[in-house]
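# Structural characterization, general
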Amino acid sequence: MTIPTDSSDTLITPTSTSLSQLAPDKARAMELDSLSQSESPPPVVPKLIREASDITWQESLEASRYQVNLVRRRGRFRLLHQSQFRNSLLASVGYLELANAGDFAANVWNDIPVPKFAAVLMGIGGTLALGMMFVAIQDYRLSWRNVKLLRAERAHLQRMRQYHDKNAELAQLIDCRISVGFRELGTEIVDRIVMDVLMGFGAVLVGVGTLMAIGGANPRVYKASNLLSGYIGNGLAALFGLFNAIWSGCLIHRFRMHDAAVYAREPSGDIRRRLHTRFRRFQWHATINGLNGLVAGAASMVTAERWWGYIVLIPCIISLILCNYFWRKKLGYDRPILGYSSPANIQLTPLIEDLEYVVLMQKGLAEPETSLPQAIVQLNSLDSILKFIARERMLDSYCDSLSHDKKTRHLLAEVPVLSESPDQIIISLDTLYTLSTSHHELLLTYAKHFLQTTGVRMFTYRERHLLELLGFAVWQDQMKATTAKPQADMIDHV
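Definitions and limits used
- Residues numbered from 1 in each chain as written.
- Predicted model: local features only at pLDDT ≥ 70, side-chain atom pairs only at ≥ 80, totals over all residues.
- Heavy atoms only, no water.
- Axes fitted to C-alpha atoms, helices over the stretch in contact; angles between N-to-C directions.
- Helix = DSSP H or I, 4+ residues; strand = E, 2+ residues; numbered from the N terminus.
- Parallel < 35°, antiparallel > 145°, perpendicular 65-115°, else oblique.
- Left-handed = near helix turned anticlockwise from the far one by under 90°.
- UniProt positions renumbered as here; feature names shortened; annotations may be inferred.
- Core = buried A, V, L, I, M, F, W, Y, C linked by side-chain atoms within 4.5 Å.
- Buried < 20%, exposed > 50% of the residue type's maximum accessible area, 1.4 Å probe, protein only.
- Domains from an automatic or database assignment.
- Contact = heavy atoms within 4.5 Å.
- Phe/Tyr/Trp six-rings, centres within 6.5 Å; stacked < 30°, edge-to-face > 60°.
- Lys NZ or Arg CZ within 6 Å of the ring centre and 35° of its normal.
- Patch = residues over 30% accessible without salt bridge, like charges linked within 9 Å, V, L, I, M, F, W, Y side chains within 5 Å.
- Areas by Shrake-Rupley, 256 points an atom, 1.4 Å probe, with all protein chains shown as cover.
- Salt bridge = Lys/Arg side-chain N within 4 Å of Asp/Glu carboxyl O.
- Pairing = 2+ DSSP bridges.

As annotated in an unreviewed UniProt entry, the chain carries the name Integral membrane protein and comes from Penicillium antarcticum.

Attention now moves to the packing of helix H6 (residues 168-212) against helix H7 (residues 219-265). Running from amino to carboxyl end, H6 crosses H7 at an angle of 165 degrees, the nearest separation of the two axes being 8 Å. Classified by the angle between their axes, H6 and H7 sit roughly antiparallel to one another. Crossing of H6 against H7: the hand is left-handed.

Our focus in this paragraph is the UniProt feature "transmembrane region" (unreviewed entry) in the chain. UniProt feature "transmembrane region" (unreviewed entry): in the numbering of this structure it lies at residues 117-137, 193-216, 228-247, 282-301 and 307-327. Within the segment residues 228-247, helix and strand shares are 100% and 0% respectively, and the terminal C-alpha atoms sit 28 Å apart. Taken as a whole, residues 307-327 contains 90% helix and 0% strand, while its terminal C-alpha atoms sit 31 Å from one another.

Another aspect to go through is the nonpolar core. By size, the foremost hydrophobic cluster in this structure holds 93 residues, and its most contacted members are Phe 388, Tyr 398 and Leu 451. Considering every element that reaches this core, the biggest residue donor is helix H13 (residues 429-493), with 21 residues. A domain-level breakdown of this core finds at least three residues from each of domain 1 (88-332) and domain 2 (348-475). Setting aside chain neighbours within four positions, we find Tyr 398 in contact with Leu 386, Ile 389, Leu 432, Leu 443, Tyr 446, Ala 447 and Phe 450. Counting seven residues, the second largest nonpolar core, distinct from the first, contains Met 160, Leu 173, Ile 174 and Leu 338.

Glancing now at the packing of aromatic side chains. Counted by the stated rule, this structure contains 11 aromatic pairs. Centre to centre, the rings of Phe 182 and Trp 247 are 6.4 Å apart; their planes meet at 70 degrees, and the pair counts as edge-to-face. On the criterion of sequence distance, the pair formed by Phe 182 in helix H6 and Trp 247 in helix H7 is long-range, its members being 65 residues apart. When the ring of Tyr 398 is compared with that of Phe 450, the centres are 5.1 Å apart and the planes differ by 80 degrees; the resulting orientation is edge-to-face. Placement of the pair is Tyr 398 in helix H12 (residues 395-404) and Phe 450 in helix H13, with a sequence separation of 52 residues. Note on Tyr 398: relative accessible area 0%, which makes it buried. Put simply, the rings of Phe 255, Phe 279, Phe 282 and Trp 327 touch in pairs and so form one group of aromatic residues. The aromatic ring of Phe 255 is capped on one face by Arg 254, whose charged end is 5.9 Å from the ring centroid. When the ring centre of Phe 459 is taken as origin, the NZ or CZ atom of Arg 462, which lies over that ring, is 5.4 Å away.

Bringing a nonpolar patch on the surface into the picture now. Residues Leu 239, Leu 242, Phe 243, Ile 246, Leu 294 and Val 295 make up a contiguous nonpolar surface patch of about 520 Å² in total accessible area. Put simply, the parts of the chain that give the nonpolar patch at least two residues each are H7 and helix H8 (269-302). Among the elements that line the nonpolar patch, the one with the most residues is H7, at four residues. With respect to the secondary-structure elements, Leu 294 resides in helix H8.

Taken in spatial order, the three strands of this open sheet run S2-S1-S5, and their pairing is antiparallel. The outermost strands of the open sheet, each flanked by one partner alone, are strand S2 (76-79) and strand S5 (424-428). In this sheet, neighbouring strand axes are inclined to one another by 35 degrees on average, regardless of whether the strands run parallel or antiparallel. Pairing of strand S1 (residues 67-73) with S5, which is carried by five bridges, proceeds in the antiparallel orientation. Note on S5: the bridge partner recorded for Gln 67 is Ser 428. Against the sheet, H12 engages S1, S2 and S5, with an angle of about 30 degrees to S1.

Structure follows, in structure tokens:
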């Protein structure tokens, strides 16, 4: 029996796989007699058929396989460990560039004695710049969690790549995962960790220098203030702008090649459109973000001696805020990390098949009356919804959501704590079934709401990841075809 696999946690098969080869599954699709009679059947997606036909097998699994550990911190339960790569970029990071403008009063009214109104502005600007340090620290912590997960996954993929070195097809699939993981890792390191370190430390220097400017009557304080809030503090922002521009250039080149390869080789119009939109968004973001970093860095250095540098900084600050929003809403994603498994037991699912599946699930769950097969999920059955959430590896997100919502977080107080760790609880399907005996309607209503909001968003995230995998696979196929053609011509000539 086929083992169901997660839509974004499987390796892929070559994108040259023809959808017409999957036609035999249509006969099985007609056997799904649990479709709503008032709705037309969904498009035939082989993965959807397998999920529906394997529900019985899924129900035979031990409930202990699906469990989430929560720990009580500051009076509330939270996830003990992060198990997924998360789109955790803080919105407040978009205001880091604002810290460079905190020394406005110190540089414009750099006089002795310091005017009283300027001293007040220096106090406000310096405090604001210092406050951005805490934003940088928090974002660094969140990004570092992602980096640790990505590095562990990369090491695991490299071990599998070595194990399957002689299997060219499987090695190619693993290469796709490794390449996309490299892009994710590079974005986390350059666009978050390096930015948080350089601009966060620069904000501290600018803030300290600006506050020192209030006591600028002392010659030593005056000189130190000028150095900290001038070239040294702003120089770190300029250094980040350089690193960011180099990385942005790499991303622009990468997705330009992927976009060209997709237009040349991908036959499906809908998939081509989705890939093109995805890659264009990456290129737009990288272009604006890279230019913004260079201009903002140069303007920061100018502000050390020229007041008009702050006029140039204003559009840069606005641009960074918009880039931050665009990334969080249109480009970033959560995805399951490929956990440890035996290299000899890799479950494969065609990438196009996975992509069709997640697109169908998005549409079906977003509709008030879902058109999905009842064998997949029944929105009027708590048991069906919880099993669907577990199969799709959304149980940790569901439990985290339960612990944060005011209407449901009190339910977790009814879960027995661990004897060896009184601050921890384990949530499994059995635990949720036990809670449902006395809170069935509340849990059912919340589970339906979760699917139609967070569930839809998580399938959207998985689509973004799958599109990136598909784009690299198509480009990789094109490169191999281009390399093989000259060799074939040489053989024919000989």
